[in-house]
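Below are the chains, spelled out letter by letter.
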Amino acid sequence: MTHPSTTGPAPVLALRDISKSFGAVRALRDVSLELFPGEVHALAGENGAGKSTLIKTLAGVHRPDAGQVLLDGQPVVFHGPGDARDAGIAVIYQEPTLFPDLSIAENIFMGRQPRRALGRIDHKATHAATLALMQRLGVELDPDRPARGLSIADQQIVEIAKALSFDARVLIMDEPTAALTGSEVARLFGVVRTLREQGAAVLFISHRLEEIFQICRRVTTLRDGAWISSELLDGMTEDDLVRRMVGRDLDELYPKQDVNPGEVALSVRRLTREGVFTDVSFDVRRGEIVGLAGLVGAGRTEVARAVFGIDRWDAGEVELDGRKLINGAPSTAMAAGLALVPEDRRAQGLVMDMSIERNIGLTGLRTTVKAGLMDRGAERSRSLDWVVKLQVKYARIADTVGTLSGGNQQKVVLAKWLATRPKVLIVDEPTRGIDVGTKAEVHRLLSELAADGVAVLMISSDLPEILGMADRVLVMHEGRLTAEIPRSDATEESVMAAATGRAAA
Amino acid sequence: MPESLTRAVRWDTVVGALLIVLLLLSFSFVDGFGNALNLSFLIGNTLPIALIALPMTLLVVSGEIDLSVASTAGLSGAVMGALWNQGMTIETIIPICLLLGVVCGLINGLLVTKLGLPSLAVTIGTLAAYRGVAQIVLGSDAVTDFPSQYLDFAAGRIGDTFIPYAFLPFLVLLAIAVVALHATPFGRSLFAIGASEEAARFAGIRVKRQKLILFTLTGLMASLTGIFWALHYASARYDNATGLELAVIAAVLLGGIDFDGGKGTLGGAIAGVFLLGALQNVMSLQDVSAQTQILVTGVLLVLSVLGPRVARQISVARAGRRAASAPVSKAPSPTS
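Everything numeric here is computed off the predicted structure, so don't read it as measured data.

Calculation notes
Residues numbered from 1 in each chain as written. Chains lettered and ligands numbered in written order. Predicted model: local features only at pLDDT ≥ 70, side-chain atom pairs only at ≥ 80, totals over all residues. Heavy atoms only, no water. Helix = DSSP H or I, 4+ residues; strand = E, 2+ residues; numbered from the N terminus. Buried < 20%, exposed > 50% of the residue type's maximum accessible area, 1.4 Å probe, protein only. Areas by Shrake-Rupley, 256 points an atom, 1.4 Å probe, with all protein chains shown as cover. Lys, Arg positive; Asp, Glu negative; His and termini not counted. Charge placed at Lys NZ, Arg CZ, Asp CG, Glu CD. Pairing = 2+ DSSP bridges. Axes fitted to C-alpha atoms, helices over the stretch in contact; angles between N-to-C directions. Contact = heavy atoms within 4.5 Å. pLDDT = per-residue confidence, 0-100. Buried area = accessible area lost by both parts, 1.4 Å probe. Salt bridge = Lys/Arg side-chain N within 4 Å of Asp/Glu carboxyl O. Polar contact = N/O pair within 3.5 Å; in protein donor to acceptor, adjacent residues only side chain to side chain. Nonpolar A, V, L, I, M, F, W, Y, C, P; charged D, E, K, R; others polar. Patch = residues over 30% accessible without salt bridge, like charges linked within 9 Å, V, L, I, M, F, W, Y side chains within 5 Å. Core = buried A, V, L, I, M, F, W, Y, C linked by side-chain atoms within 4.5 Å.

## Describing the overall build of chain A
Helix and strand counts for chain A stand at 17 helices and 22 strands. Within chain A, the proportion of its 505 residues that are buried is 56%. Carbon and sulfur atoms provide 48% of the accessible area of chain A, an area that totals close to 20,600 Å². Mean positive and mean negative side-chain charge positions of chain A (61 and 68 charges, respectively) differ by 4 Å.

## Some thoughts on the sheet that holds strand 20 (residues 455-459) of chain A
The pairing of strands in a sheet comes from backbone hydrogen bonds and takes either a parallel or an antiparallel form. Residues and elements named next belong to chain A. Here six strands make up an open sheet; going across it, the order is 16-19-20-13-21-22 and the pairing mixed. Where the open sheet ends on each side, the last strands, each with one partner, are strand 16 (338-341) and strand 22 (480-486). When strand polarity is set aside, the average angle formed by the axes of neighbouring strands in this sheet is 20°. Here helix 9 (residues 300-308) sits on the sheet in contact with strand 13 (289-294), strand 16, strand 19 (424-428), strand 20 and strand 21 (472-477), set at roughly 145° to strand 16.

## What about the confidence of the model for chain B?
All names here are of chain B. This prediction gives chain B a mean pLDDT of 90; 91% of its residues lie at or above 70. Helix 1 (residues 4-7) is the least confidently modelled element of chain B, averaging 42 in pLDDT, while helix 5 (residues 90-113) averages 98, the highest of any element. Predicted confidence is poor over residues 1-8, with pLDDT under 50, and the contacts of this stretch with residues over four places away or in other chains come to twelve contacts. Confidence estimates for the predicted assembly give a pTM of 0.80 and an ipTM of 0.85.

## A look at the interface of chain B and chain A
The partner chain A presents 47 residues to the 36 residues of chain B that form the contact. Note on chain B versus chain A: buried area summed over both sides is about 3,600 Å², and carbon and sulfur give 58% of it. One can count two salt bridges joining chain B with chain A. Applying the counting criterion to the chain B and chain A interface returns eight residue pairs in polar contact (both at pLDDT 80 or more). Mapped onto the side of chain B that touches chain A, the elements with two or more residues apiece are helix 8 (167-183), helix 9 (185-195), helix 10 (197-202) and helix 14 (290-323) of chain B. Taken together, the residues that form the side of chain B that touches chain A break down as 20 nonpolar, eight polar and eight charged.

## Some words on a nonpolar patch on the surface
On the surface, a nonpolar cluster with roughly 540 Å² of combined accessible area is contributed by Leu295(B), Val299(B), Leu303(B), Leu306(B), Val310(B) and Ile314(B). With respect to the secondary-structure elements, Ile314(B) resides in helix 14.

## Let's talk about the environment of Leu13(A)
Residues and elements named next belong to chain A. Residue position: Leu13 is located in strand 1 (residues 13-22). Owing to a relative accessible area of 1%, Leu13 belongs among the buried residues under this scheme. With residues up to four places along the chain from it excluded, the contact list for Leu13 reads Leu33, Glu34, Leu35, Leu58, Val69, Leu70, Leu71, Ile89 and Val170.

## Examining helix 8 (residues 238-246) of chain A
In an α-helix, one turn spans 3.6 residues; hence positions three or four apart end up facing the same way. Residue and element names in this part refer to chain A. Among all positions of helix 8, only Asp240, Leu241, Val242, Met245 and Val246 are buried. Here the buried face of helix 8 lies against strand 3 (39-44), helix 7 (209-215), strand 9 (218-223) and helix 15 (436-451). In the segment just after helix 8, Gly247 is the residue with positive phi, at about 85°.

## What to know about the nonpolar core
Among soluble globular proteins, nonpolar side chains are generally buried collectively. The biggest cluster of nonpolar side chains holds 99 residues, and the ones touching the most others in it are Met56(B), Met80(B) and Phe170(B). It is helix 3 (residues 36-61) of chain B that provides the largest number of residues to this core, a total of 15 residues. In this structure, Met56(B) is in contact with Ile65(B), Asp66(B), Val69(B), Val248(B), Ile249(B) and Val252(B), ignoring residues within four places of it in sequence. Ranked by size, the runner-up nonpolar core spans 79 residues in total, among them Val268(A), Ile360(A), Trp386(A) and Leu404(A).

Printed below as a string of structure tokens:
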């Protein structure tokens, strides 16, 4: 990979000894960072390391308590996000916020559309300007298409185009790849390289270390709000980076124990939901972790939802320990010993406004009951038990889960379901968007559960995770199960071939 | 251990305090307020609102609403009058009316849960429909000649005290509702449904069934209220209790039940009901004009939506200072 040698000139944007506190908590302590034109710079750190605060400082959302923000070498003070935007700084968030009913072009030029006489919007000019932006990014998207129905990847492209339309010179990308598939990531990186060659400075945040090494030239690491290092990635290994982030040597990321699978716990037979997935059959045995791989949209999540009873199936059947599950009835699936840790923890896994204790308690509404009333003591000790077992970091058990970091929220979702003592656990993207330390903990937990005889079905778009954790890999492509690959034969190539439909069924 | 709940400014406590202040001020400064007869009037006139507020609170906590309650009450009264004119005994009529209320609530619930329609729209429709049926059933007649022991029970008070007879069964119902909402798995599931229906579904909560139960209970309580109304005022007319739904919803919101669901306490809601009731009583005693009374009620309704938000923002700001100790990274939070 070639990098333009542009690190000679002055940084376009720099932070110098920035500190920021919230109450008694020092979120950032003397953090410095330099962004050069034509360079992609990684920001690494665990959840809670201060990455968010740093981004928000750059974006003008927070004002630093001490230290300077330098734009082209000149100290500046941003009084709000508008100031930062006018200075050419744009932030692309993980989940873009477009107006779904407006077209791509209208979204990009919202509030500042080119005008014709009498103040009428010049649709032609808007269309042309959008087309030009898309060409600059090397992407084909119809400017007149409504934002509704765009994939997250396409929505991010629109956000990037919008940023360019503001003449952004500094692009901050906050975990842009968290919800993207492999090919979408490749396209995004193509766009990022194009921007880099056009002289933009890009600050890139990702929990996927391989991506950092793939696209970035330098990396700045934060830990507990403090600056740890800024250095070239050339010559570093992933382990080096993890050590800087975590501050110690990390336990193995994929601590998979060998198991002898027991009898079949979950049996899915010819399950079909019209237009979504077709003729899906598989077994998961006690003690086994079965990986379910495939591209986003292949129907993996939909199968999990149907098995658990969130959606109804049109044909087929599901058995748990030899007993048939009722179609479309999560409560009976739960009672039979099935648990589903859903893909979207904020909308599906947790009630964000509810306390940690009560969120975990929601799966115990049948069990922590005495004489028809909630047994609050039992509810609390059940929640505390699991929160302690999973080492959730929290202040008070009565705090709302919204106050926790992403990784700890995910642990609460796991706690909520492990508290039901499931026989079969389905986890959908169990480590998406959580830091590498927590990720290793979740993997160890899954491995231990399997060793204890739980049957685990793990849906993941993270290939190394599938390869590292699964005893067997099932692959879905366009609503059908296209391959079943034993652990010994599973490679990135074999799984991707089946996921993209290139392999014979 | 100071819990976050007790540290926060709780709106239901504020409303309870306001009620007590209003009562104390009225006892001291408003002529005719403190005598037992007036107080029994105050309670008796507020009971219809309070009765419907019980299921309405549960409904709003779960994120739904029922605007047809007053029409259901009116329909019950009308059917009661019509059947009485037919010569049926009141002991037969009352169960029939209650059953009718169950049917009315069931229709609302099925339209909401089976067809997935928004309850606001459904119950605006049935608000008109049920009232229309009431008018067909009874026309413009007014039935007043119900058996005196029933009229006495609905309008009378215990001896010379300020307590209406009907207040006692209400207290029993209140206790049941408080326990149901705040101490049972059913109540717990309602808070989850109101705060995030999707997350509730993923936790195995039978969202549609719970809602159907709630709408049905609401219909039942509305018809009970309709029966009480007709007996209390000794008049069954098709237009009984018209507009009562707004008073109920105003009181429930004033009591701190979040219109978006998932938050509030039944104690707050009932404090809101009696705060409105007491205010109206005082204004009547002071010869405040009807228009002004409506104006005051309207302003209170706006304040009731505003107040809890302000209170919550204060507590969130306080909690925010604490929560910063568990720094949240990576939060493209949709709020803020």
